[in-house]
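The lines below spell out each chain.
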Amino acid sequence: MDHTNFLRLDLEALKVMYVDAATRLKEALLNGAEWKALQELRHDVTELEIALYKKIRSTDDSAPFPDPASGPVTT
């Protein structure tokens, strides 16, 4: 699933989904599953990480650094 679809969920739901997917990936790897066989699960974990990052950034008004896309900072 694309991370843009995950952005529709609230932050807590994203966190739960990420922990679940990351745990399943870790357990599969520890049980000897091949890296290539876990491609879809790896993709889901990555997309959830991206969605979490974007969701946190969008709700955090006190971000320590300005968005680089907003242009140069003048003081």
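Here, every reference points to the structure presented above.
Bear in mind the structure is a predicted one, so any value in this text is a computation, not a measurement. (Residues numbered from 1 in each chain as written. Predicted model: local features only at pLDDT ≥ 70, side-chain atom pairs only at ≥ 80, totals over all residues. Heavy atoms only, no water.)

Description of the nonpolar core
Our working definition: Buried Ala, Val, Leu, Ile, Met, Phe, Trp, Tyr and Cys residues that are joined via side-chain atoms within 4.5 Å together make up what is termed a nonpolar core. Burial here depends on accessible area, computed with a 1.4 Å probe over protein chains only, as a share of the maximum for the residue type. Under 20% is buried, over 50% is exposed, and the range in between is partly exposed. Helix numbers and strand numbers start at the N terminus; a helix is a DSSP run of H or I with at least 4 residues, a strand a run of E with at least 2. We call two residues in contact when some of their heavy atoms are within 4.5 Å.
Within the largest apolar cluster, eleven residues are counted, these being Phe 6, Leu 14, Ala 21, Leu 25, Ala 28, Leu 38, Leu 41, Val 45, Leu 48, Ala 51 and Leu 52. Listed by contribution, the elements that provide at least two residues to this core are helix 2 (11-30) and helix 3 (39-59). The element best represented in this core is helix 3, accounting for five residues. Non-local contacts of Leu 14, meaning those with residues more than four positions away in its chain, are made with Phe 6, Leu 9, Leu 48, Ala 51, Leu 52 and Lys 55.

Topic: helix 2
The condition is simple: In a helix, the anticipated span is given by 1.5 Å times the number of residues less one. Taken from the helix axis, the directions to the C-beta atoms give the arc we talk about.
A rise of 1.5 Å per residue sets the reference length of helix 2, with its 20 residues, at 28 Å; its end C-alpha atoms lie 28 Å apart and thus fit the reference within 8%. Taken as a whole, helix 2 has its buried residues at Leu 14, Ala 21, Leu 25 and Ala 28. On an axial view of helix 2, the arc spanned by its buried residues comes to 70°, and they lie on one face. Within helix 2, the exposed residues directed more than 90 degrees away from the buried face are Val 16, Lys 26 and Leu 30. In the segment just after helix 2, Gly 32 is the residue with positive phi, at about 95°.

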